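Notes for the structure review
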Amino acid sequence: MTIQADLMGSMTLEQLQEFDRNHHMHSFTAPEAMKQAPPFMIDSAEGSYVTGQNIRLLDAMAGLGCVNIGYGRKELADTAAHVMEKLSYYHSFAAVTNPYAAALSQKIASLAPSHLNKVFISNSGSEAVETALKLVALYWKNKGEPNRRAVITRDYAYHGSTIATAALNGNAEMANQFGFIDSTRILRAKAPYWYREGGEMTPDEFGIAAAQSVEATILEAGPENVAAFIGEPIQGTMGIIVPPVTYWPEVERICRKYGVLLIADEVVSGFGRTGHWFGQETFGFSADIMTLAKGLSSSYLPVSATVISDDVTSVIEGKSALLQHGFTTSGHPVTCAVALKNIMLLEEEGLVAAVREDKGPYLEGSLKTALGDHPLVGEIRVSGLMVAIEFAKDKGTREQYPADLAICDHVGQASLMQGLIVRPVGNVVVMCPPFIISHAEIDFICDVLAQACNNVHAALQS
Ligand SMILES: Cc1ncc(COP(=O)(O)O)c(C=O)c1O
């Protein structure tokens, strides 16, 4: 009997869709959407493509910006099978470890900026950020400054879905839907979103101004009350907001000036997506704590990491209290082995350099040729393989289309009909394709998007 038959018996597509509708509560899904149509069932994937219901789609989102190495890599499946047979599980509590958790921790430390050497392994990006928040609190407690409790986040931020991490999110509905958190400890600074908020300033001037809003937030709260600033090097989920080059060095300078810890949330940008191993290299700054997930294992299995600087580690470990934190599957041997193999493949195949020197520039050039002058398009932002196409009603004033026109959703839908997955976010089409994407696939993306934009623009005129 095949594994497929063993697990699924003779269940039909329609039965499975019904099971799903009745019993599967979906992330970030309106209940209405599940009532209107059966869920789309993806059941296989290879390279840059996913297939469902006999439809093959080019996935220019690499899942959720995570399958960096591409789908269906046998090397990763073989690694998982081998380690699962040898050591299906053991925990990493109470000074016990396994070879794969040990080797992965060393590997991450060797790739990370040189002062980031201690690695806490979790399962999801949210857990990695939540771990960072707990370690920050412990750091200030051990330092004898327990009043430093406030964390600065930014408009348009996305840091996760657990109670604490969701409270950091820039989108008010995401942050407040459940109402658990005493949000007085969450402070908000401006996002470095030049296209939408830069006004008459040049991007460089606005980068400094946005960083200075971090300083103003610190001063307003009182530096003695501020524990940390957290930011994604590029704000991904809310629209690939690529900061001006002046932004991050100024934020770092401000954090250092007031002794505020700097957390770089590299859940998306980590492991090559911006063309360097970490976004900190791309933007020229250095964090005290960095969080990683997605590209760590290309999401073949759930795994994440919080990487901590030598200084922070020495304060946390300086007091010998038990670390009251951990997950049953922290440092899971199979997930760690798969992550390690994924990193080895990124290295062996030169995929990070390929993003920087080939795929990223090729995609940027092709998109700008195809869409740069399109009447719908206001700005195209590209860093490595993080891409935003932002629509504007008026290119001069950068006025947005009204939300109810759902321009972006229409472009996304038109692209899907032609076999391309992109992600509409408000007035921005977002793409984070896999690193193995070919030039021909990039050409296809540009052709489909140009056609989709033409169709939507024509519909707007009629
Ligand atoms: C920057 C950032 N941080 C944290 C998260 C949360 O990761 P997860 O969904 O794995 O919990 C995400 C998810 O997209 C993210 O983009």
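For clarity, every value in this text was computed on a predicted model and none was experimentally measured.

**Describing the pairing of strand 1 (residues 42-46)**
The sheet contact formed by strand 1 and strand 2 (residues 49-52) spans four bridges and is antiparallel. Along strand 2, the bridge assignment pairs Ser 44 with Thr 51. If you look at the hairpin formed by strand 1 and strand 2, you'll find two residues sitting between the two strands, and Gly 47 has a positive phi there, around 60°.

**Observations regarding the pairing of strand 12 (residues 386-391)**
When you tally the buried positions in strand 12, you get six out of six residues, the bulk of the element. The side-chain alternation of strand 12 yields two buried faces, one formed by Met 386, Ala 388 and Glu 390 and the other by Val 387, Ile 389 and Phe 391. Both strand 11 (residues 377-383) and strand 12 contribute to a ladder of six bridges, which runs antiparallel. Residue pairing in the sheet places Val 382 in a bridge with Val 387 of strand 12. Between strand 11 and strand 12, which pair antiparallel and follow one another directly, the connecting turn spans two residues, one of which, Gly 384, has a positive phi of 60°. In the sheet, strand 12 pairs with strand 15 (residues 428-431) via four bridges, with the strands oriented antiparallel. Opposite Ile 389, over in strand 15, you have Val 429 as the bridge partner.

**Re a positive patch on the surface**
A cluster of basic residues, Lys 141, Arg 149, Arg 185 and Lys 319, forms a positive patch on the protein surface. Along the chain, the position of Arg 185 falls in the loop between helix 9 (172-176) and strand 6 (186-189).

**As for the site of the ligand**
With respect to spatial proximity, the complete set of residues near the ligand consists of Ser 124, Gly 125, Ser 126, Tyr 158, His 159, Gly 160, Glu 232, Thr 237, Asp 265, Val 267, Val 268 and Lys 294. The contact in question runs from an oxygen atom of the ligand to an N or O atom on the side chain of Ser 126, over 2.5 Å. Across the complex, the protein chains shield 82% of the 390 Å² of accessible surface that the ligand would expose by itself. Class assignment of the residues belonging to the shell around the ligand gives a composition of three nonpolar, six polar and three charged.

Rules used throughout
Residues numbered from 1 in each chain as written. Predicted model: local features only at pLDDT ≥ 70, side-chain atom pairs only at ≥ 80, totals over all residues. Heavy atoms only, no water. Pairing = 2+ DSSP bridges. Helix = DSSP H or I, 4+ residues; strand = E, 2+ residues; numbered from the N terminus. Buried < 20%, exposed > 50% of the residue type's maximum accessible area, 1.4 Å probe, protein only. Patch = residues over 30% accessible without salt bridge, like charges linked within 9 Å, V, L, I, M, F, W, Y side chains within 5 Å. Areas by Shrake-Rupley, 256 points an atom, 1.4 Å probe, with all protein chains shown as cover. Salt bridge = Lys/Arg side-chain N within 4 Å of Asp/Glu carboxyl O. Lys, Arg positive; Asp, Glu negative; His and termini not counted. Charge placed at Lys NZ, Arg CZ, Asp CG, Glu CD. Near = heavy atom within 4 Å. Polar contact = N/O pair within 3.5 Å; in protein donor to acceptor, adjacent residues only side chain to side chain. Nonpolar A, V, L, I, M, F, W, Y, C, P; charged D, E, K, R; others polar.

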